[in-house]
Amino acid sequence: MSTANLEERLATLKADYMKYQGDLEKVESTGGDGGPIERQLCQLEEEIQKIREEIRSNG
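In this report, the structure presented in the accompanying data block is examined. (Residues numbered from 1 in each chain as written. Predicted model: local features only at pLDDT ≥ 70, side-chain atom pairs only at ≥ 80, totals over all residues. Heavy atoms only, no water.)

1. Comments concerning the packing of aromatic side chains
Stage number 1. Evaluation of the coordinates by the stated rule reveals zero aromatic pairs.
Stage number 2. When the ring centre of Tyr20 is taken as origin, the NZ or CZ atom of Lys19, which lies over that ring, is 4.7 Å away. (Phe/Tyr/Trp six-rings, centres within 6.5 Å; stacked < 30°, edge-to-face > 60°. Lys NZ or Arg CZ within 6 Å of the ring centre and 35° of its normal.)

2. Comments concerning helix H2 (residues 35–58)
Stage number 1. With 24 residues, H2 should reach 34 Å at 1.5 Å per residue; the first-to-last C-alpha distance of 35 Å fits that figure.
Stage number 2. Residues of H2 that are buried include every one of Gly35, Ile37, Leu41, Leu44, Ile48, Ile51 and Ile55, and no others.
Stage number 3. The inward-facing, buried residues of H2 abut helix H1 (3–29). (Helix = DSSP H or I, 4+ residues; strand = E, 2+ residues; numbered from the N terminus. Expected span 1.5 Å × (residues − 1). Buried < 20%, exposed > 50% of the residue type's maximum accessible area, 1.4 Å probe, protein only. Contact = heavy atoms within 4.5 Å.)

3. Some points on H1
Stage number 1. With 27 residues, H1 ought to run about 39 Å at 1.5 Å a step, and its terminal C-alpha atoms sit 39 Å apart, in line with that.
Stage number 2. Within H1, the full set of buried residues consists of Leu6, Leu10, Leu13, Tyr17 and Leu24.
Stage number 3. Residues of H1 that are buried sit in contact with H2.

If you want it as structure tokens, here you go:
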């Protein structure tokens, strides 16, 4: 994948992360179970890290 594509993917993942983080805050503020959202956030963090590593290796 080209660096431009990786950076585009990274921006998308970051936007998704922010959305899920807001969702988690809403769920937790109402006393709901945030477990599934927390797992999604962890997956996004891992994918963000992998993309960052790929960008560094392409640089």
